[in-house]
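Spelled out, the chains give:
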Amino acid sequence: MKLVKKKASEAIEKEKQLAALAAVSYIQNGQVIGLGSGSTANYAIREIGKLVQNGFQLKAIPTSKKTQLLAESFHIPIIDSNSIDHIDITIDGADEFNDDMVLIKGGGGALFREKIVASMTRKQIIIADSSKLVRHLGLEFKLPIEVIPFASNYVMNRLHILGGTSIIRQKGGKAFVTDLGNWILDVDLGHIRDPLSLSRSLDEIVGVVCHGLFIDLADIIIMGKGETTEAFLRPKS
Ligand SMILES: O=C[C@H](O)[C@H](O)[C@H](O)COP(=O)(O)O
């Protein structure tokens with residue numbers, strides 16, 4: 001049993017690596033790169049580090065403190081997000097995505113900076129293993145919502161009216177605190193059938209800083225599948 005589990009997790013890691021490698025091949029010398037957060041994005045950051053080592057002149061904007069530390073360990077030059085007008089390519093992970101390329105993000109708590117970086121980005125590449133593609137968004141993975149701590153009870157009540165059951169994410173027996181000093185609610189809203197309408201309702205709640213639904217923000221999703229990768233492209237509007 002243990003051996004089967006180990007093989008399954010090795011296969012998942014392989015898929016993450018393959019997706020990361022494929023995404024990094026889009027990067028050109030001289031570009032400004034957004035660096036995502038999470039275990040899949042970490043594989044891409046390692047590869048970007050190799051590009052820098054091989055002489056690529058890149059500038060990077062990290063989506064979390066952890067990512068910044070990892071990038072710095074690979075000597076990837078970090079710049080201030082306010083020093084540029086756009087990011088050429090961002091490579092980031094996702095917790096779930098569906099056929100319409102709607103994502104749930106925020107499993108690691110980095111959703112707010114990830115959404116800002118995605119919004120500044122011309123080509124957003126999402127990388128994932130095959131377990132992340134789901135038919136029903138929100139059933140397996142609860143929707144992360146970053147909230148101002150002062151407003152958490154109010155926001156939970158408002159989410160209850162929308163049919164959501166929330167828990168405050170914990171770490172070490174205390175509320176998990178994001179890089180920006182906020183809390184995360186993990187919200188069970190059942191199957192998210194209409195992400196756009198839900199997104200609008202969530203954006204209207206005072207105290208919600210950011211929610212983990214990413215709509216129309218992914219240009220390409222590269223999914224590792226076994227020994228190969230599959231790409232999903234956003235239709236041109
Ligand atoms: O806040 C974290 C991010 O949205 C991650 O990109 C997401 O949780 C996926 O992480 P992983 O690649 O570790 O599954």
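Residues numbered from 1 in each chain as written. Predicted model: local features only at pLDDT ≥ 70, side-chain atom pairs only at ≥ 80, totals over all residues. Heavy atoms only, no water.

**Examining the overall build of the chain**
Regarding its fold elements, the chain presents 6 helices and 15 strands. Taking 237 residues into account, the globule formula puts the C-alpha radius of gyration at 18 Å, and the chain, at 18 Å, falls close to it. Across the 237 residues in the chain, those meeting the buried criterion constitute 48%. Long-range contacts, defined as pairs at least 24 residues apart, comprise 76% of the intrachain contacts of the chain with a sequence gap of at least 6. For the chain, the exposed area adds up to about 12,400 Å²; of that, 53% sits on carbon and sulfur atoms. (Helix = DSSP H or I, 4+ residues; strand = E, 2+ residues; numbered from the N terminus. Rg over C-alpha atoms; globule rule 2.2 N^0.38 Å. Buried < 20%, exposed > 50% of the residue type's maximum accessible area, 1.4 Å probe, protein only. Contact = heavy atoms within 4.5 Å. Areas by Shrake-Rupley, 256 points an atom, 1.4 Å probe, with all protein chains shown as cover.)

**Description of the pairing of strand S14 (residues 220-225)**
Along S14, 5 of the 6 residues are buried, which leaves the element largely enclosed by surrounding structure. Here 5 bridges tie strand S6 (residues 121-129) to S14, and the two strands are oriented parallel to one another. The residue bridging alanine 128 from the neighbouring strand is methionine 223, located in S14. As paired elements, S14 and strand S15 (residues 228-233) share 6 bridges and run antiparallel to each other. Bridge pairing links isoleucine 221 to phenylalanine 232 in S15. Taking the residues between adjacent antiparallel strands as the criterion, S14 and S15 are bridged by 2 residues, where glycine 226 takes a positive phi near 60 degrees. (Pairing = 2+ DSSP bridges.)

**Regarding the UniProt feature "active site" (unreviewed entry) in the chain**
As recorded in UniProt, the feature "active site" (unreviewed entry) lies at Glu114. Position of glutamate 114 among the secondary structure elements: in helix H4 (residues 111-119). What makes glutamate 114 buried here is its relative accessible area of 3%. In this structure, glutamate 114 is in contact with Ser37, Thr63, Asp92, Lys105, Gly106 and Phe214, ignoring residues within four places of it in sequence. (UniProt positions renumbered as here; feature names shortened; annotations may be inferred.)

**Points about the sheet that holds strand S3 (residues 87-92)**
What the 6 strands build is an open sheet, ordered S2-S1-S3-S6-S14-S15; its pairing is mixed. Unpaired on one side and paired on the other, strand S2 (59-62) and S15 mark the two borders of the sheet. Within the sheet, the average angular offset between the axes of one strand and its neighbour, ignoring direction, is 20 degrees. The strands that helix H1 (residues 2-24) touches are S3, S6, S14 and S15; relative to S6, the one it contacts most, it runs at about 160 degrees. (Axes fitted to C-alpha atoms, helices over the stretch in contact; angles between N-to-C directions.)

**Some words on the site of the ligand**
Residues in contact with the ligand amount to 16 residues; listed here are only the nearest, Ser39, Thr40, Asp95, Glu114 and Lys132. Contacts to the ligand include serine 39, whose side-chain N or O atom sits 2.6 Å from an oxygen atom. The contact in question runs from an oxygen atom of the ligand to an N or O atom on the side chain of lysine 105, over 2.9 Å. In the complex, 89% of the free accessible area of the ligand, which totals 380 Å², lies under the protein chains. For the shell around the ligand, the class distribution of residues is 2 nonpolar, 9 polar and 5 charged. (Near = heavy atom within 4 Å. Polar contact = N/O pair within 3.5 Å; in protein donor to acceptor, adjacent residues only side chain to side chain. Nonpolar A, V, L, I, M, F, W, Y, C, P; charged D, E, K, R; others polar.)

**Brief notes about the packing of H1 against helix H2 (residues 39-53)**
Taken N-terminus to C-terminus, the directions of H1 and H2 make an angle of 45 degrees; their axes are 8 Å apart at the nearest point. Considering their axes alone, H1 and H2 lie oblique with respect to each other. The handedness of the crossing between H1 and H2 comes out as right-handed. Contacts between H1 and H2 involve Glu13, Lys16, Gln17, Ala20, Leu21 and Val24 on the former and, on the latter, Ser39, Thr40, Tyr43, Ala44, Glu47, Ile48 and Leu51. Among the residues forming the contact of H1 with H2, the class breakdown is 7 nonpolar, 3 polar and 3 charged. (Parallel < 35°, antiparallel > 145°, perpendicular 65-115°, else oblique. Left-handed = near helix turned anticlockwise from the far one by under 90°.)

**Here's the deal with the sheet that holds strand S5 (residues 103-104)**
Strand pairing in a sheet relies on backbone hydrogen bonds, with the paired strands running either antiparallel or parallel. The 3 strands lie next to each other as S4-S5-S13, forming an open sheet whose pairing is antiparallel. The outermost strands of the open sheet, each flanked by one partner alone, are strand S4 (96-97) and strand S13 (213-214). Where S5 lies against S13, 2 bridges are found, and the strand directions are antiparallel. Bridge pairing in S13 links leucine 103 to phenylalanine 214.

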